[in-house]
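Observations on the three-dimensional arrangement
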Amino acid sequence: MTPDAADTVVEQGTFVVPDFSVKDLLSVIPAHCLKRSAFRSSLYIVWDVIVIGCVWKAADIADSYIDPATLALPDPLLYPVARFCLWAVYSFWAGLFATGLWVVAHECGHQAFSESKAINNAVGWVLHSGLGVPYHSWRITHGKHHASTGHMTQDQVFVPSTRTERGLKPFDSSKEDLLGSRVTEEVKRELWEALGDSPIGATLGPASYLLAGWWTYLIKNASGQARYPKGTNHFNPNAVMFAPHHYNQIIWSDLGIALWLLAVGTSIYHWGFSTVFRVYLVPYLWVNHWLVLITFLQHTDPLLPHYRAPEFTFPRGALATLDRNLLGDLGSLMGWIGAHATHGISETHILHHVSSKIPHYHAWEASAALKKFLRANGHTHLEGRPGGWAEVYRVYKECKFVEDEGDVVFFKNAYGLAQMRPVLPDTSASDSGIEITDK
């Protein structure tokens, strides 16, 4: 485009596209970090259940004291308010530690729980079914996500929408820079009218995403791979992302969801909806919320590249993610609790994509070794801002679309501006992605 004094220009950061091999990355991880123990992994299940049980018991005891006979409040309306606040606090903490159970089940799907595939799948099926997750169905597509992270046509979730998919006007090289460093006021205004968010809209959008995003992904492929046909979901054994030999595994996953729904319905029948709602269903919604928040922020940021086939390799995809300290924006104590409760899934995510069979209790050491190597070799885009609601708000506003052109693309905001531009190594890699064979 021809520069004009009235144009909006941003100084972009540069992202040197990494050119590591898989061997380069794996060789720096201490060998003992790959060892898996069913006993040690099981202790984390026990711990999570104990914490959740203690939180419930404390809430139940405290609830018994919210009564005029034992607690004097200035107004009768304050008793239901106090009870609501009590169980809201319970649901937050129960949901946070139940997310830890979700993470352990996720490790089962990666065969990181133990050395036994049978034990991994049995434990994973029970835990994930108990949290409303179709174990094998999600395990299979999640494996594909790991194989092609950041690949525009092969990744399974958090795939950026392109300019065309957002229904925007075609790119005009006379009015804007393809890499997003400069736009005219005309284009800036047009894009804002199409994509801009008011503060309320930028709040409600992420909120609905955090509450319903998990189930809309499972049921209708929301934020998933755009090339999949309409109606694609995780419950159909004939869905395009599953191979014929997956058929029985999908049926088993569906059975787990059916039993979960039956258990919830039976519990409501015996204890009443209000009890089940506050004790289980609200914490369950928190689990879904944390799942979406954590994974969205791991894979979505103006700093992160996305690749098309000519420039994609497995190492590049594995490094197209960020580590973040969950709840770290609320202070160091909350950051420690967030990492502890969710077993470091947010803090060691780059390592997890490099080698997903490493159990979480070894991931901290392995992650430190990997990051030391990456920093020494010039790859410094490793940590994002702490994970929390404010960061979801910021990322949601900054990451609107990517261009239809380009083999390495970065998100543009609602003005058509991008924070980063790619710098390719001298020798470009060429690989269309890795297709895993799951049996």
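Everything that follows concerns the structure shown earlier in this document.
What counts, and where the lines are drawn
- Residues numbered from 1 in each chain as written.
- Predicted model: local features only at pLDDT ≥ 70, side-chain atom pairs only at ≥ 80, totals over all residues.
- Heavy atoms only, no water.
- Helix = DSSP H or I, 4+ residues; strand = E, 2+ residues; numbered from the N terminus.
- Rg over C-alpha atoms; globule rule 2.2 N^0.38 Å.
- Buried < 20%, exposed > 50% of the residue type's maximum accessible area, 1.4 Å probe, protein only.
- Contact = heavy atoms within 4.5 Å.
- Areas by Shrake-Rupley, 256 points an atom, 1.4 Å probe, with all protein chains shown as cover.
- Lys, Arg positive; Asp, Glu negative; His and termini not counted.
- Charge placed at Lys NZ, Arg CZ, Asp CG, Glu CD.
- Expected span 1.5 Å × (residues − 1).
- Salt bridge = Lys/Arg side-chain N within 4 Å of Asp/Glu carboxyl O.
- 1 Å grid on protein atoms, 1.4 Å probe; cavity = no way out; pocket = protein on both sides within 12 Å on 5 of 7 lines; lining within 4 Å.
- Points joined across faces, edges and corners; volume = space filled by probe spheres on them.
- Nonpolar A, V, L, I, M, F, W, Y, C, P; charged D, E, K, R; others polar.

**A few points about the overall build of the protein chain**
The helix and strand tally for the protein chain stands at 14 helices and six strands. Over its C-alpha atoms the protein chain spans a radius of gyration of 23 Å, differing by no more than 12% from the 22 Å that the globule rule assigns to 439 residues. Its C-alpha atoms put the protein chain at 75 × 55 × 45 Å along the principal axes. Looking at the 439 residues of the protein chain, the share that counts as buried comes to 50%. Expressed as a percentage of contacts within the protein chain between residues at least 6 apart in sequence, the contacts between residues at least 24 apart total 74%. On the protein chain, roughly 19900 Å² of surface is accessible, and the fraction owed to carbon and sulfur atoms is 64%. Averaging the positions of the 34 positive and the 40 negative side-chain charges in the protein chain gives two centres separated by 4 Å.

**Details of helix α3 (residues 78-109)**
With 32 residues, α3 should cover 46 Å at 1.5 Å per step; its first-to-last C-alpha distance of 46 Å lies within 8% of that length. One or two steps after α3, the chain reaches Q111, where phi turns positive at roughly 65°.

**Observations concerning the pattern of salt bridges**
Within the structure shown, the criterion is met by 19 salt bridges. With a shortest N-O distance of 2.9 Å, E176 and R163 are connected by a salt bridge. Here E176, found in the loop between α5 (135-147) and β3 (182-183), pairs with R163, found in the loop between α5 and β3; they are 13 residues apart in sequence, far enough to count as distant. When the shortest N-O distance is used, the salt bridge between E391 and R324 registers 2.7 Å. Separated by 67 residues along the polypeptide, E391 in helix α14 (residues 389-398) and R324 in the loop between α10 (314-318) and α11 (332-341) bring together distant segments of the chain. Judged by relative accessible area, E391 falls into the buried class, the value being 5%. Through salt bridges with shared partners, one network takes in R163, E176, E403 and K412.

**A word on the environment of V133**
Tracing the sequence through the fold places V133 in the loop between α4 (117-130) and α5. A relative accessible area of 0% means that V133 is categorised as buried. Not counting the four nearest positions on each side in its chain, V133 is found in contact with W102, H128, W138, W214 and I257.

**Brief notes about empty space enclosed by the protein**
Across all of its chains, the model carries three cavities of 30 Å³ or more by this definition. Here the largest cavity is characterised by a volume of approximately 350 Å³. As for the largest cavity, its lining consists of 25 residues, and the residues nearest its centre are W138, F158, W214, L291 and T295. Element by element, the count of residues in the lining of the largest cavity is highest for helix α9 (residues 273-299), at six residues. Among the residues forming the lining of the largest cavity, the class breakdown is twelve nonpolar, 13 polar and no charged.

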